[in-house]
Amino acid sequence: MIIILMGPPGVGKGTQAEELISEYGLTHISTGDMFRAAAAEETTLGLKAKEYMDTGQLVPDDVTIGIVRERLQKPDCAKGCLLDGFPRTIPQAEALDDLLLHNHREITTVLYFDLPKELLVQRLSGRQVCRSCNATFNIHHAPSKVPGICDSCGSELYIRDDDKEETARRRLDVYEMNTAPLVDYYLDSKRLTEIDAGGTPKEVAAKVRQSLAAFI
Ligand code: AMP
C-alpha cells in the first residue's frame, strides 16, 4: 500500500497519519519531519531547508524530491508507506509517479482532507507538538491530558515557529498556489479519495477507515 495524505496545513494530516501507521503497519514518511530533524541536527540540507520553512515557503523541488527518492529506497518502505506532506507541487507528483513506475509500484490512493480557511488558521495556531516523539495535540479540539506535556511519552510540547498566525496564513496561501492544483492531477487519474476533515480526530479516523476499506 502506498497512501498519500494531502490537504492544507492544519487539516489534521499528522494526527491521521499516527492512526494509519499503527492500524495498517505503514512506514510514515513526512517530509516536514525530515526537514525539521535535519534542521535540528544543523546539517547543510537542514540549514538550507530551515530558511524556507521559517518563512512558510516550500523547500525547492529538486531538494525535496532527492530526499524522498533516497527515503523510498530504504527497506522499511517495502511493506508499504504513508506519504505525509509530499508531494506538494505538480513536479513533485510527476517525479513520484516516475519513481514508482520505475520500481513497479503504484499509489493506492490519495486521501484528500479539506476544511474552511478560518478553521485551518485557528487549528494551526492551537497546535502543539511533542519535542521528543512528534505527537501532535491541539489546545482547541484535542488537548493533551496535562497541559504542555505529551500524553504518549511525557515530554514537553511546543508551538512550531511556522504555526504562528502570520506564517500560518502564508503557508495556506502557498498551499493554494502550489498544492491545490494536485487535487485535479489526482482526480483526473482517478486516484483521489475526498475526506471531510470536520469533526474530532476519532470521527475523521472512522471516515478514513471506511474509505480505505475499498482498497484492502
Ligand atoms: P509540514 O510539517 O508538512 O507542514 O512541513 C513544514 C515545512 O517543511 C513546509 O512549510 C515546507 O517549508 C517544508 N516542506 C515539507 N514538505 C515539503 C514538500 N513536499 N515540498 C516542499 N517543502 C516542504
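First, a word on scope: everything that follows refers to the structure included in this document. (Residues numbered from 1 in each chain as written. Predicted model: local features only at pLDDT ≥ 70, side-chain atom pairs only at ≥ 80, totals over all residues. Heavy atoms only, no water.)

1. Comments concerning the sheet that holds strand E8 (residues 192-196)
Strand order in the open sheet made by the five strands is E2-E3-E1-E4-E8, with parallel pairing throughout. Each edge of the open sheet carries a strand with a single partner, namely strand E2 (27-30) and E8. The sheet shows a mean angle of 20° between the axes of neighbouring strands, taken without regard to direction. The pairing of strand E1 (residues 2-6) with strand E3 (residues 81-84) spans four bridges and is parallel. The residue bridging Ile-4 from the neighbouring strand is Leu-83, located in E3. (Pairing = 2+ DSSP bridges. Helix = DSSP H or I, 4+ residues; strand = E, 2+ residues; numbered from the N terminus. Axes fitted to C-alpha atoms, helices over the stretch in contact; angles between N-to-C directions.)

2. Details of the side chain of Asp-84
Structurally, the position occupied by Asp-84 is in strand E3. Buried charge without a partner: Asp-84 forms no salt bridge, and the closest opposite charge is Lys-13, 5.2 Å away. At 2.9 Å, the side chain of Asp-84 forms a polar contact with the side chain of His-28. (Buried < 20%, exposed > 50% of the residue type's maximum accessible area, 1.4 Å probe, protein only. Lys, Arg positive; Asp, Glu negative; His and termini not counted. Salt bridge = Lys/Arg side-chain N within 4 Å of Asp/Glu carboxyl O. Polar contact = N/O pair within 3.5 Å; in protein donor to acceptor, adjacent residues only side chain to side chain.)

3. A short note on the pattern of salt bridges
Counted according to the given criterion, the structure contains 17 salt bridges. As a salt-bridge pair, Arg-169 and Glu-165 come within 3.2 Å of each other at their nearest N and O atoms. Of this pair, Arg-169 and Glu-165 both sit in helix H7 (residues 165-179), four residues apart, which is roughly one turn of the helix. Given a relative accessible area of 29%, Arg-169 falls into the partly exposed group. Several salt bridges converge on common partners, so that one network encompasses Arg-127, Arg-160, Asp-162, Asp-163 and Arg-171.

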